Amino acid sequence: MAKWTAKHEAPEPLEGPVVATVTGGTIIWFVLFLVQLPFYGWFADRGQLWWVWTCAAGGFLGLIGIWYVRGREAALKRHAAEQAEQAERSDEA
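Cut-offs used in this document
Residues numbered from 1 in each chain as written. Predicted model: local features only at pLDDT ≥ 70, side-chain atom pairs only at ≥ 80, totals over all residues. Heavy atoms only, no water. Salt bridge = Lys/Arg side-chain N within 4 Å of Asp/Glu carboxyl O. Helix = DSSP H or I, 4+ residues; strand = E, 2+ residues; numbered from the N terminus. Buried < 20%, exposed > 50% of the residue type's maximum accessible area, 1.4 Å probe, protein only. Phe/Tyr/Trp six-rings, centres within 6.5 Å; stacked < 30°, edge-to-face > 60°. Expected span 1.5 Å × (residues − 1). Contact = heavy atoms within 4.5 Å.

Draft legend 1. Expanded view of the pattern of salt bridges. Under the definition given, this model contains two salt bridges. Between Glu 15 and Arg 72 there is a salt bridge, with the nearest N and O atoms lying 3.0 Å from each other. Taken as a pair, Glu 15 in the segment before helix H1 (18–36) and Arg 72 in helix H3 (residues 50–92) lie far apart in primary sequence, 57 residues in all. Its relative accessible area of 30% is what places Arg 72 among the partly exposed residues. We note a salt bridge from Glu 85 to Arg 89, for which the minimum N-O separation is 2.4 Å. Taken together, the residues span about one helical turn, with Glu 85 and Arg 89 both in helix H3 at a distance of four residues.

And the structure:
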């Protein structure tokens, strides 16, 4: 069986407002958690507590995601600044 090889290059990844997107998603998870809290007994009576705790887990994992994407964004900006500085140095020489 032959190994599969790509016939064309993969496209560049799309960049967008990643920090805002992850922050928005995290807020939505926490809001859903808070909206379900008054109905905790209803969920418990029906064996559906996983709905509540899934929203809580989504919110807390979102906090980790915010930390990660903010660090990534800062690293990308540092890298771009270093590249611009190196290009400026090479132009001067």
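Draft legend 2. Up close: the packing of aromatic side chains. Across all of its chains, the model carries five aromatic pairs by this definition. On the numbers, 5.4 Å between centres and 85° between planes, the contact of Phe 30 with Phe 60 is edge-to-face. Remark: Phe 60 occurs in helix H3 and Phe 30 occurs in helix H1; sequence separation between them is 30 residues. We classify Phe 30 as partly exposed; its relative accessible area is 24%. Classification of Phe 60 by relative accessible area gives exposed; the value is 52%. When the ring of Trp 50 is compared with that of Trp 51, the centres are 4.8 Å apart and the planes differ by 35°; the resulting orientation is tilted.

Draft legend 3. The arrangement of H3 in detail. For H3, spanning 43 residues, the distance from its first C-alpha to its last is 62 Å, which sits close to the expected 63 Å at 1.5 Å a residue. What H3 keeps buried is the set Val 52, Cys 55, Ala 56, Gly 58, Gly 59, Gly 62, Gly 65, Ile 66 and Val 69. The secondary structure elements touched by the buried residues of H3 are H1 and helix H2 (40–45).

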